[in-house]
Each structure stands twice: as structure tokens, then as C-alpha cells.
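Results of the structural survey
Residues per chain are reported as follows:
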Amino acid sequence: MKKSEENLEFINVEITYNGKPVLTGLSYNFSKSAVTCILGSSGSGKTTLLRSLSRLNDRIRGFKVRGEVWVAGEEIYYNGVDVYHLRRKIGMIFQSPCIFPTSVYENVIFGFKYHHPERKKEFPQIAERYLKEAYLWDEVKDRLQKPAQNLSQGQKQRLSIARALAVEPEILLMDEPTASLDPVSSDAIENLIFSLKEKRTIIMATHNIAQTRRIADDILFLYDGTIWEQGKATEFFERPQKEETRIFLEGGSSSSS
Amino acid sequence: MNKRMLDRGLLGIIYLIALVGMIMMLAVLWEVVRRGWPALSLEFLLQPSSNFGAEGGLLYQTLGTIILMAAAVLIGFPIAVGSALFQTEYVRSEGVRAFFRAIIFSLNAVPTILFGLAGYLFFGVYLETGVSWLTGALILAIMILPTIQASIQSSIECLPEKYREVGMSLGMTPWALARRIVLPQCWHGAITGALLGLARAAGETAAIMFTAAAFSGATWPRSFADPVPTLQTHILVLAQDSADATSLTHAWGAALVLLAIVFFLILTSLVIRSRFSMEAQR
Ligand SMILES: Nc1ncnc2c1ncn2[C@@H]1O[C@H](COP(=O)(O)OP(=O)(O)OP(=O)(O)O)[C@@H](O)[C@H]1O
Ligand SMILES: [Mg+2]
């Protein structure tokens, strides 16, 4: 069975670590060019869900996915899949920014350079374009050759986003991208996410409810190892269907304010 | 006795042991310097030896030792890098990794005379290459492999997994991860390993005695099949001639030169290690 090129879907997926199920009965079709937020308390499987979409857990022994995970018209746990090609189409932003100990410039073009070593002449343009897209250009344009290690935490996170964007992914996974940032840097990232969703599908894990209200189009709520509730963000917040969801939303808003 | 006193007591014992070790090392150093110093001169360093080392200097011996060391590291280094990367980046099964680690450790524990003997039997007797510097370098390469590889591997294992994950998420293959992410961040470990390997090769006598070393008359090698004179074996020969005072002084002089080479290498490796591991942790 062939799916459309833009399809991003779980069909009856179960994810286990060493035989112990973490997520079961996942079925969901992500909307494209939208921000889908994955909500859930700590340990509910948000990170696991994101990482399963680009097979980032391949190195972890005992990790297993059953069922079908469709990305861009391919079932990605099928044997013949080219993982490296898959991962180019799906960028990942990690919870705490991970920057290579080189210059800002080398960091931005890191992935691009690897995939297109022959387009050497374009490297400076690429660096500028994606630093601009990540709203970082003005802050770093005079220190491109300086060590990226000296940037602030929020700048580092935007740098890692620029680096992921430079590989031109169609889908961007973000695992609590603002969790280690101050409110100002968080705002910068949120604005960035807004502008990115025009061209890309964004899936973001978070347990920050206020933030989810601001940027989510769709919401997946993980509870008890499965998708407990799903839907459009507006409806989800106005009329949560289940008791557990309501408790989570209230608990979250009272603790974060 | 309370906890604090116990703490202090243990700390005292540790310091004491460290101190004893230091003093013993310094005593050896002092003895070598004291006895070798009179032999040292520009002539001694830059002239070939004559009359079985009792006269002249140790130009070719020093050259021979350096040739053997350098060749051993040139051969051993790429193999060590390859095997360290193979174990850390490609092998995923814990069992297989443990197996490789066991091999490396046992290689490290083999008495060096066995390397010499095995090398002599394999190259000298079976392949009939005779005594040659290349044979010696090959044997030394195998011998220092564990030293180099352990240093590289420990620095690779210190590299946080998150760097690899970023590389993976950008679509890199394991080979690309190894070359573009792991090695650039672990090169100080590789250099340290190479220097320690050099130092170990420089101090080695047993493994090259029957396989690579010429005891007199040889100069620099003119082909792969030539033996070379070395400082190590030179010292051995001179020391046996203990009746002759100049031979003995020359032996101590040669020991001092050898010690200086080894010391310099180890010091450099320590500097590199502390300097760059600090940088990597930032
Ligand atoms: N490598 C692993 N091996 C075994 N179990 C794991 C592994 N990684 C995660 N788990 C388990 O899977 C469950 C889900 O973890 P996950 O990291 O996906 O949660 P999360 O929703 O991202 O939590 P948080 O909000 O704290 O980041 C947890 O119970 C966790 O213990
Ligand atoms: Mg998580």
C-alpha cells in the first residue's frame, strides 16, 4: 500500500523498551504545515514518540516499534528503508541545545556541508539564509568565525534550529525546545515556530500549557501509555472531553503561573 | 576514632604512597643523570660509535631508535584508530565489545620477550626475512597497539551521546559520524595515545633484540631488510662490558639520551591531554 508523499501517520503502533510497552494503540494522522503539540506529564512518552518518527532510537538496544509508522509515503520500519535519507526529511531539535565545539558558521552549515560537499560556493549564503530564518543573523553576523560555545543558551537553541533547517527538512520535531530557556528566549523560539509552520510540519513535545495555547494548531494528549485525547487546539482547551485531561490542564496552569 | 580522623588518616597514607613512588622515580632519574652526564657532549650525540661503542658517540643508535619508533607508530596508529572506532561506533552488542576489550587487554599483558620470540619465529625463521628494521617496527606496532587504542577509546567513550544524535538527526551515516563528529572531538586522545605508544616503543628492548637490532657496525638502513643499531640494545651491550670504565659511562650516557626522549614524549602527551580535555569539557 502506497501513501501520499505528505502523509505522516501512526497506524496502530506499539512502542516497547525491553518488552515493556511505553506507548500502545497509537493511531494518528498529523496535519501538514501546522504545529502539533504533544502534551503529557513527565514519562508519558513524548520524547519516545518523537524519536520513533525518525528512527533516532535505532542505537538503543531493546527498543522496538510494532505497527506502521508512515513518513512521506514510506513505512519507515520496513526493512528496505534508507534511514539516512529519511532523517534528512525529518529534522530534530533536542531539549537542551547541542552545539559542536567549532565556530558559529561551521555549526550552521554542518549538515548541509555533509550532504552537498560540492556546493562549497554556496556555504556562506546558506549560513546567512538559515541564520536569518532562525532570527539569529543580526546577533551573530559579526562573530560567525567565533566559537559557538560562547553564545547564550537561547542563541544556541536557535543555532541548532538553523543547523537543522539547513538540511531542508519537511518535518521538524522539537523536544521541549524551550525547556532550558528563559522567557525572552522562549518567546523568540515561539515566534520562530510560527514563521516556520508555513512551509513545514512541526511536531513539538512540551508540558508547558501556556505555550501550547499560544502556538498549537492540533494537540495530542498522552496519558496512560496512549493517546488519551486529540483534536484542534481551540476545542481541546475549551471543551476537554475527559476528566484526566481537565486535571492535567488545571494542574499545569496553576503550577506554571 | 571519628570519621574525620579516619578520612585524614587515609589521605595521609595515600600521600605517603605517592611520595614513596615519586622519590623512587626521582632517585632513578638522578642516578641516570649523575652517571650519564659526564658522557654527554655534542660529539657523543653526533658521532657514530666505534670499537663496539667504547669510543665515539651514538648517532646511528639514536637514529635507529627513532626510525623504529616512528615506523611502529605509523603502522600502529591507523590500526588503533580503526579498531577503536569499530568498537565504539559500529559494534552494538555488549558481548562482542567485551570480547575485543579482552583481546586488547591480553595483548597489553603479554611479556614483550614473547612478542620478540613470536616475531623472530614468524618473520626471521618462517618468512626468512632475517633481522630487519621493518620486522622490528611491525612487532613494535602490534605491541603498542593496545596503548594507543586504549587512549583513543577512552576519549571517544567520554564523548557525550548527544553529539552523535545531532549527527544522526542530520542524516549522517555511522562512518560520517565517526569521521566528522567523533574524531575531530577526540583527536587529543589519539595524539596522546600516539605519544605514549612512541614512548613505549622507545623503551622496548626484548622485542627487537632478535628481530631488528644490529649490535655493531650498522649505520642507517639502506633497504627494508637492513637491521638498525638502537639505543636500547647499545646500552645492553655496553653494560655487559662493565670492566671498562668508558664503556660504562657511555652506557649511562645512552640511557640518559633514551630517557630524555621518553620523558619528552610523555610530557608532551600530558600537556595535550590536560589542555584539550579541558577545552572539550567547556
Ligand atoms: N532508553 C530507554 N530504555 C528504557 N526505558 C526508557 C528509555 N527511554 C525512555 N524510557 C522510558 O519510557 C518512558 C517514556 O519516556 P520519555 O522520555 O519518552 O518520556 P517524556 O514524556 O519525554 O518525559 P519528559 O517530559 O520527562 O521528557 C519512561 O517511562 C521512560 O522510563
Ligand atoms: Mg522527554
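Residues numbered from 1 in each chain as written. Chains lettered and ligands numbered in written order. Predicted model: local features only at pLDDT ≥ 70, side-chain atom pairs only at ≥ 80, totals over all residues. Heavy atoms only, no water.

Regarding the overall build of chain B
Across its full length, chain B carries 11 helices and two strands. Along its sequence from the N terminus, chain B presents helices and strands in the succession α-α-β-β-α-α-α-α-α-α-α-α-α. When its C-alpha atoms are laid out on the principal axes, chain B stretches across 65 × 60 × 30 Å. For chain B, the residues scored as buried account for 41% of the 282 residues in total. Put simply, chain B shows about 15000 Å² of open surface, and 72% of that area lies on carbon and sulfur atoms. Taking the average location of the 17 positive side-chain charges in chain B and that of its 15 negative ones, the two points are 15 Å from each other. (Helix = DSSP H or I, 4+ residues; strand = E, 2+ residues; numbered from the N terminus. Buried < 20%, exposed > 50% of the residue type's maximum accessible area, 1.4 Å probe, protein only. Areas by Shrake-Rupley, 256 points an atom, 1.4 Å probe, with all protein chains shown as cover. Lys, Arg positive; Asp, Glu negative; His and termini not counted. Charge placed at Lys NZ, Arg CZ, Asp CG, Glu CD.)

Describing the sheet that holds strand β2 (residues 20-29) of chain A
Two pairing modes exist for strands in a sheet, parallel and antiparallel, and in both the strands are linked by backbone hydrogen bonds. Residue and element names in this part refer to chain A. The sheet built from four strands is open, its strands ordered β2-β1-β4-β5 with antiparallel pairing. With one partner strand each, in any of the chains shown, β2 and β5 (74-75) form the two edges of the open sheet. By the bridge criterion, two bridges tie strand β4 (residues 63-71) to β5 in an arrangement that is antiparallel. Following the sheet pairing, Trp70 is matched in β5 by Glu75. Contacts from helix α1 (residues 46-53) reach β1 (8-17), β2 and β4 within the one sheet, and its direction differs from that of β1 by about 120 degrees. (Pairing = 2+ DSSP bridges. Contact = heavy atoms within 4.5 Å. Axes fitted to C-alpha atoms, helices over the stretch in contact; angles between N-to-C directions.)

A few points about α1 of chain A
Residues and elements named next belong to chain A. In terms of residue burial, α1 counts as a mostly covered element, since seven of its eight residues are buried. Turning to α1, its buried residues number three or more, namely Lys46, Thr48, Leu49, Leu50, Arg51, Ser52 and Leu53. Of the residues trailing α1, Arg55 is marked for its positive phi of about 50 degrees.

Topic: the site of ligand 1
Residue and element names in this part refer to chain A. Taken together, the neighbourhood of ligand 1 is formed by 13 residues, with Ser42, Gly43, Lys46, Thr47 and Thr48 sitting nearest. Measuring from an oxygen atom of ligand 1, one finds a side-chain N or O atom of Ser42 at 2.5 Å. The contact in question runs from an oxygen atom of ligand 1 to an N or O atom on the backbone of Gly45, over 3.0 Å. Burial of ligand 1 by the protein chains amounts to 64% of its free accessible area of 630 Å². The element that contributes the greatest number of residues to the shell around ligand 1 is α1, accounting for three residues. Residue composition of the shell around ligand 1, grouped by class: three nonpolar, eight polar and two charged. (Near = heavy atom within 4 Å. Polar contact = N/O pair within 3.5 Å; in protein donor to acceptor, adjacent residues only side chain to side chain. Nonpolar A, V, L, I, M, F, W, Y, C, P; charged D, E, K, R; others polar.)

A closer look at the domain arrangement of chain B
All names here are of chain B. Per the domain assignment, the segments making up chain B are domain 1 (1-39) and domain 2 (41-281). The gap between the C-alpha centroids of domain 1 and domain 2 is 28 Å. Regarding the contact of domain 1 and domain 2, the summed buried area is about 820 Å², with carbon and sulfur atoms giving 83% of it. Counting the surface domain 1 buries against domain 2, the share from its top three residues, Val32, Arg35 and Ala39, is 62%. Remark: the boundary between domain 1 and domain 2 carries zero salt bridges. Run the count over domain 1 and domain 2 and you get zero residue pairs in polar contact (both at pLDDT 80 or more). (Domains from an automatic or database assignment. Buried area = accessible area lost by both parts, 1.4 Å probe. Salt bridge = Lys/Arg side-chain N within 4 Å of Asp/Glu carboxyl O.)

Side note on the packing of helix α3 (residues 59-90) of chain B against helix α6 (residues 133-157) of chain B
Residue and element names in this part refer to chain B. Across the interface, α3 lies against α6 with an axial gap of 6 Å and an inter-helix angle of 40 degrees. In terms of orientation, α3 and α6 fall into the oblique class. For the element pair α3 and α6, the recorded crossing hand is right-handed. Here the contact of α3 with α6 is composed, by residue class, of 22 nonpolar, seven polar and two charged. (Parallel < 35°, antiparallel > 145°, perpendicular 65-115°, else oblique. Left-handed = near helix turned anticlockwise from the far one by under 90°.)

Considering the domain arrangement of chain A
Splitting chain A by domain gives domain 1 (1-90 + 202-257) and domain 2 (97-169). Here the C-alpha centroids of domain 1 of chain A and domain 2 of chain A sit 28 Å apart.

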